[in-house]
Structure formats: structure tokens, C-alpha cells
Amino acid sequence: MASTADIKNGVVLKIDGNLWAVIEFQHVKPGKGGAFVRTKLKNVVSGKTVDRTFNAGAKIETENVDRRDFTYLYADGESYVFMDVADYDQLYVSAAVVGDASNFMLESQAVTVALHDGNPLYVELPASVVLEITYTEPGLQGDRSTGGTKPATVETGYQIQVPLFLEQGTKVKVDTRTGDYLGRVN
């Protein structure tokens, strides 16, 4: 057991049988009354975020989550296969655990997998990845006051919005958290 003084960004807490990662925390000491810790927690499995307040000095249960570097190998039916870069062991992760990360994963890409008691919790990608546009309509310049966008399909099969001047075969940088176009890559 730990106390609220041990709360830091990235610490994983066990609350009501669920694992919650601390995104933000703030120790508040008002002029009147007792001190408390205001936190923003993210459910490790579902990704849901909640605000939770703990009284200062309250006992909380922390969990040990092992974050290790893996390489994505291939998709195998309903699961994805990753290789541990340290000992070359293969890990099968279900599509539910991988989630939206599958939209941006290419074979032999480096990822971070969070493990708890040997079970994968989530897959973390780099902040941005470089993908090639496999299909997009030709952009038509018209009379508009702002820069227009058009849909484009990248090599993973995911569809993003890109500026009109981009063509098929262009490599683009994509934000893995939001799926937004960040720029062209030469």
C-alpha cells in the first residue's frame, strides 16, 4: 500500500479492481480544511478518463506495470504478433487490446507494450508515424477561401484527411493519437 504522497504522472493505481494510470495530479492545500490530491485518471484497459480526488495521506493501492519495447511482426487472424527486442520472445495480443493502434502499425515497427502479470494491457505507438498514401482522388482547385482537404487511404487501410495537392504514392506524417495529417515527408 502507498499513500497519496506517492502519486506521480504515469503511476498505475488499482481502484475497485480496475487499473488506472495517473495522467495529471495536483496537491491542493486550501486555507481552510484538510489538504487533498486532485487527479485525472485514465483506465488502462478501456481508455476512459475520470477526475478523482483523494484526501491527503489516504492509502492507495499501486500496481506494477512493465512497459517493454517490442517490434510488430504481423497480424494473425484475430490477434497481432509482437517480438520482444530483448529476448526475441513472441507475444500474441488480441485485436481488442491493440485497438486503434492497428490503423497506424506497419510490419517491423517499434512499439511499447504495457504488461501486467504477463498479460498485455495496451499497445503504445510513437507520437507520429510515416505512411504512404495508396489511394486518393485528384484534387481540384476551386474558388475557396481556406485550404481544402480530401480523403486519402494510407498503406494500413486507414482513411485520413489530407490537403488537395497531395497525390498517390506520397509519404505523409500522421499523428497516431488523433489520426491527423501532420505534413509531407521527403
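Residues numbered from 1 in each chain as written. Predicted model: local features only at pLDDT ≥ 70, side-chain atom pairs only at ≥ 80, totals over all residues. Heavy atoms only, no water.

## Quick notes on the overall build of the protein
Working step 1: Regarding its fold elements, the protein presents 1 helix and 17 strands.
Working step 2: Relative to the compact-globule value of 16 Å for 186 residues, the protein shows a C-alpha radius of gyration of 21 Å, a clear excess of over 25%.
Working step 3: Taking the principal axes of its C-alpha atoms as reference, the protein extends roughly 65 × 50 × 25 Å.
Working step 4: Across the protein, every contact between residues at least 6 apart in sequence was considered, and the portion connecting residues at least 24 apart equals 42%.
Working step 5: Counting only carbon and sulfur atoms, one obtains 46% of the accessible surface of the protein, whose full area is about 11,300 Å².
Working step 6: Both charge centroids of the protein, one from 18 positive and one from 24 negative side chains, sit 12 Å from each other. (Helix = DSSP H or I, 4+ residues; strand = E, 2+ residues; numbered from the N terminus. Rg over C-alpha atoms; globule rule 2.2 N^0.38 Å. Contact = heavy atoms within 4.5 Å. Areas by Shrake-Rupley, 256 points an atom, 1.4 Å probe, with all protein chains shown as cover. Lys, Arg positive; Asp, Glu negative; His and termini not counted. Charge placed at Lys NZ, Arg CZ, Asp CG, Glu CD.)

## Things to note about the sheet that holds strand E14 (residues 149–154)
Working step 1: Here 5 strands make up an open sheet; going across it, the order is E15-E14-E13-E16-E17 and the pairing antiparallel. The open sheet has two edge strands with one neighbour each: strand E15 (159–163) and strand E17 (181–184). This sheet shows a mean twist of 50° between the axes of neighbouring strands, independent of strand direction.
Working step 2: Both strand E16 (residues 171–175) and E17 contribute to a ladder of 3 bridges, which runs antiparallel. (Pairing = 2+ DSSP bridges. Axes fitted to C-alpha atoms, helices over the stretch in contact; angles between N-to-C directions.)

## A short note on the nonpolar core
Working step 1: Residues Phe70, Phe82, Val98, Met105, Val111, Val113 and Val123 are the most contacted members of the largest nonpolar core, which totals 25 residues.
Working step 2: Sorting the residues of this core by element identifies strand E8 (66–76), strand E9 (79–84), strand E10 (90–94), strand E11 (109–116), strand E13 (128–136), E14, E15 and E16 as the ones contributing at least two each.
Working step 3: Counting residues domain by domain, this core receives three or more from each of domain 2 (65–124) and domain 3 (128–184).
Working step 4: Excluding residues within four positions of it along the chain, Phe70 makes contact with Phe82, Met83, Asp84, Val85, Leu91, Gln109, Ala110, Val111, Val113 and Leu115.
Working step 5: In terms of nonpolar packing, the next biggest core, distinct from the first, is built from 10 residues, Val22, Val37, Leu41 and Phe54 among them. (Core = buried A, V, L, I, M, F, W, Y, C linked by side-chain atoms within 4.5 Å. Buried < 20%, exposed > 50% of the residue type's maximum accessible area, 1.4 Å probe, protein only. Domains from an automatic or database assignment.)

## A closer look at the sheet that holds strand E7 (residues 62–63)
Sheet strands pair via backbone hydrogen bonds, and the direction of the pair is either parallel or antiparallel.
Working step 1: Sheet architecture is open: 5 strands sit in the order E5-E4-E3-E2-E7, paired in antiparallel fashion. The sheet terminates laterally at strand E5 (49–55) and E7, the two strands that pair on one side only.
Working step 2: Sheet topology note: the strand E4 (residues 36–43)/E5 ladder contains 7 bridges and is antiparallel. By the bridge assignment, Arg38 is partnered in E5 with Thr53.

## Describing the domain arrangement of the protein
Working step 1: Its domain assignment divides the protein into domain 1 (4–63), domain 2 (65–124) and domain 3 (128–184).
Working step 2: Distance from the C-alpha centre of domain 1 to the C-alpha centre of domain 3: 39 Å.

## Points about the pairing of E8
Working step 1: Of the strand pairs in this sheet, E8 and E11 are connected by 7 bridges, and their pairing is antiparallel. Note on E11: the bridge partner recorded for Tyr72 is Gln109.
Working step 2: As paired strands, E8 and E9 are joined by 6 bridges and run antiparallel to one another. Within the sheet, the bridge partner assigned to Asp76 lies in E9 and is Ser79.
Working step 3: Between E8 and E9, which pair antiparallel in sequence order, lie 2 residues; one of them, Gly77, sits at a positive phi of approximately 65°.

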